[in-house]
Amino acid sequence: MVRPSYGWLFGSRLLGVYDAYRRHNQAALFSKLRERASGREGCDEHATDALNVLTRMSIVTGKDLLDFELEDLTDYAQARRATGRTVASLPFAYEILHAVGGLKDSPPTLRQAQARGQLTPAELVDRHPIADRAVRDVLVHYIAERSATLDYGSLVNQAQMPADLFWGDLERHHPGIASLNLPDTVAQEWKQRVRVLPDGRPRRTSHGVFLAVRSFYLDLLQWSMEDPARWAQWAAPCPISEADIRGYLKETRHRKARMQQRTRTLVPVLPQLVRAAEGRLHRATLLLEAARSAKPGEEFTIEDRRYRRTGRERSNWRPTALFITPADEPGPRFDAECQENNAFWTWAGIEVLRHTGTRIEELLELTHLSLRQYQAPTGETVPLLQISPSKTDRERVIPADPDLVAVLARIIRRIKGPTDGSRC
């Protein structure tokens, strides 16, 4: 009859209410969830918190547990973060619910469910609201056709320019527009708007937008001759003339010059970045080791600063949680494991990028199979790093120096190494 909000539940001390709710609502399913949660080695302290997460969601939404969807967990996480609280037990709640038959057709972990990977052409276009359904469908088919010849990063830009910066802008300024055959005044007004950013600054990539829209119109014109039944109705005069894109090469050279100047400016401070990443990782590692050795409530010193592991030694609620807080001066508590994990991957990313010169997209595609060995005629073994085709659509093989090999080996050991059971 009454559905409280998440904010009210988070701010109320409902001692015993969640247990009572579970006894009188879906008791058999909650019992299975408790058995599944308690059966995880090293994670018993999370069982109650994970059950409370699912209980709150059931109370607020009024849904059965097996009817929960990913959007329900997303809403819970947003409400939790809005009040300044963490969502540490949400992934565990997702896993035990999935294990008992909930969240059908979803991956087994929350991380996999949230990391969807590359979007489909339809999803790329739908990120930009388009009122006219017919034009939306044409853009989806167009992006699907172009996806065969473009890498994903270029495809994202190719979807944004005609869908948002072109047609989306036209619909916002000319409601009800439904034809690609634009009047000259409408086209000229759009060109003026696209040359300026919303904050009034000149748009440096305006020529790229013009070129993308011109390609869109000319491709539709070409395809209308090859497949008239499908594309002929969308063939229209291109609003972008050759004069509009005449400065594209000049703008490209200027952009390249700005990038090179930025590189020259930042190269002298690269050693400082490397030292900062190494120092952060070293400090986070020391904090994590000390936190694992300390008991809840015990203080310890790292680099002349005192910290205290939060919690009580006799508490049964998350006794293995590695939260620590500064003891010398007031400060927020933080998760020692999370901080060390973030510090490691920051350091690893910087090291791989500076030793290889790869792009971010190429870095994210690296796996342990990317590290190969070449047997030279002299008998010497040369380690090689294989870079998958990306923006240039060409595979690259980079000789790996000893420093890079050491970094990659450390990354592989971290990923493939056995867990000690202390992490959930």
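Structure first, text after, so check above.
Since the structure is predicted, the reported quantities are computational estimates derived from the model, not experimental observations. (Residues numbered from 1 in each chain as written. Predicted model: local features only at pLDDT ≥ 70, side-chain atom pairs only at ≥ 80, totals over all residues. Heavy atoms only, no water.)

**Q** I keep staring at the overall build of the chain and nothing clicks. Help me out?
**A** When helices and strands are counted, the chain shows 18 helices and 7 strands. The C-alpha atoms of the chain give a radius of gyration of 28 Å, which is well past the 22 Å a tight globule of 424 residues would have. Considering only C-alpha atoms, the chain reaches an extent of 75 × 75 × 45 Å along its principal axes. Roughly 25400 Å² of accessible area belongs to the chain as shown, and the carbon and sulfur atoms make up 52% of that amount. (Helix = DSSP H or I, 4+ residues; strand = E, 2+ residues; numbered from the N terminus. Rg over C-alpha atoms; globule rule 2.2 N^0.38 Å. Areas by Shrake-Rupley, 256 points an atom, 1.4 Å probe, with all protein chains shown as cover.)

**Q** Help me understand the pattern of salt bridges, please; the structure alone is not making it clear to me.
**A** Think of it this way: side chains of opposite charge can pair up when their charged atoms draw near. All chains considered together, the criterion is met by 23 salt bridges. Note that R146 and D219 form a salt bridge whose closest N and O atoms lie 3.6 Å from each other. Placement of the pair is R146 in helix α9 (residues 133-146) and D219 in helix α12 (residues 206-226), with a sequence separation of 73 residues. For R146, a relative accessible area of 17% puts it in the buried group. Given a relative accessible area of 22%, D219 falls into the partly exposed group. Note that E361 is salt-bridged to R359, the shortest N-O span being 3.7 Å. (Salt bridge = Lys/Arg side-chain N within 4 Å of Asp/Glu carboxyl O. Buried < 20%, exposed > 50% of the residue type's maximum accessible area, 1.4 Å probe, protein only.)

**Q** I would appreciate a short explanation of helix α2 (residues 17-24) in the present structure.
**A** Turn by turn, an α-helix covers 3.6 residues, leaving residues three or four places apart pointing in a common direction. Those residues of α2 that fall on the buried side of the exposure criterion are Y18, Y21 and R22. For α2, the arc enclosing every buried residue in end-on projection is 95 degrees, short of the 170-degree limit, so these residues lie on one face. When the buried face of α2 is taken as reference, the exposed residues oriented beyond 90 degrees from it are R23 and H24. At its buried positions, α2 is contacted by α1 (6-10), α3 (27-38) and α4 (47-61). Directly beyond the C-terminal end of α2, a positive phi value near 50 degrees is found at Q26. (Arc of directions from axis to C-beta. Contact = heavy atoms within 4.5 Å.)

**Q** Even after reading the chapter, I still don't get the sheet that holds strand β3 (residues 323-326), so can you show me in this structure?
**A** If you walk across this open sheet you meet the 4 strands as β1-β2-β3-β4, and the pairing is antiparallel. Each edge of the sheet is formed by a strand with only one pairing partner; in this case those strands are β1 (299-302) and β4 (334-335). When β1 meets strand β2 (residues 305-309), the two strands line up antiparallel, connected through 4 bridges. Note on β2: the bridge partner recorded for E299 is R308. (Pairing = 2+ DSSP bridges.)

**Q** Is there a simple way to think about the side chain of Q158 in this case?
**A** Counting through the fold element by element, Q158 comes out in helix α10 (residues 152-173). The class of Q158 is buried, set by a relative accessible area of 11%.

**Q** For this particular structure, what's the right way to read the packing of aromatic side chains?
**A** Each aromatic ring pair is characterised by the separation of its centres together with the angle its planes make. In total, this model carries 15 aromatic pairs according to the counting rule given. For the ring pair Y6 and F10, a centre distance of 5.9 Å and an interplane angle of 15 degrees mean the geometry is stacked. Residue Y6 and its partner F10 are both found in helix α1; the two are separated by 4 residues, about one turn of the helix. Residue F10 is classed as buried on the basis of its relative accessible area of 8%. By the ring-pair criterion, three or more aromatic residues cluster together here, those being Y142, F166, W167, W190, F210, F216, Y217, W223 and W231. In this structure, R80 packs its charged tip against the face of F10, placed 4.7 Å from the ring centre. (Phe/Tyr/Trp six-rings, centres within 6.5 Å; stacked < 30°, edge-to-face > 60°. Lys NZ or Arg CZ within 6 Å of the ring centre and 35° of its normal.)

**Q** Whenever I open this one, a negative patch on the surface confuses me. Can you help?
**A** Together, D64, D67, E69, E71 and D75 make up a region of like negative charge exposed at the surface. Residue position: D67 is located in the loop between α4 and α5 (70-82). Looking at D67, the relative accessible area reads 46%, which means it is partly exposed. (Patch = residues over 30% accessible without salt bridge, like charges linked within 9 Å, V, L, I, M, F, W, Y side chains within 5 Å. Lys, Arg positive; Asp, Glu negative; His and termini not counted. Charge placed at Lys NZ, Arg CZ, Asp CG, Glu CD.)

**Q** Just to check I follow, could you spell out the nonpolar core for this structure?
**A** Grouped together as the largest cluster of nonpolar side chains are 37 residues, with contacts concentrated most on W167 and W190. Leaving out residues up to four positions away in the same chain, W190 has contacts with L165, F166, D169, L170, V209, F210, V213 and I240. L9, Y21, L73 and Y94 belong to the second-largest nonpolar core, a separate cluster that totals 32 residues. (Core = buried A, V, L, I, M, F, W, Y, C linked by side-chain atoms within 4.5 Å.)

**Q** Can you help me understand the environment of L54 in this one?
**A** As for its placement among the helices and strands, L54 is situated in helix α4. Since its relative accessible area comes to 1%, L54 is described here as buried. Sequence separation between L54 and Y76 is 22 residues; the distance between their C-alpha atoms is 9.7 Å. Sequence-distant contacts of L54, that is, excluding residues within four places in its chain, are made with L33, L65, F68, A93, I96 and L97.

**Q** Please clarify how the sheet that holds strand β5 (residues 371-375) should be interpreted in this entry.
**A** The strands making up a sheet associate through hydrogen bonds between their backbones, and the pairing can be parallel or antiparallel. One open sheet accounts for 3 strands, arranged β5-β6-β7; its pairing is antiparallel. Lying at the two open borders of the sheet, with one neighbouring strand each, are β5 and β7 (396-399). Sheet twist, expressed as the mean angle between neighbouring strand axes with direction ignored, is 40 degrees. Looking at chain direction, β5 and strand β6 (residues 381-387) are connected through 5 bridges and run antiparallel. Bridge pairing links Y374 to V382 in β6. (Axes fitted to C-alpha atoms, helices over the stretch in contact; angles between N-to-C directions.)

**Q** What is the right way to look at the environment of L51 in this model?
**A** Structurally, L51 is set in helix α4. A sequence separation of 178 residues divides L51 from A229, and the C-alpha atoms of the two residues are 57 Å apart.

Note that all results are geometric; they support no functional claim without further evidence.
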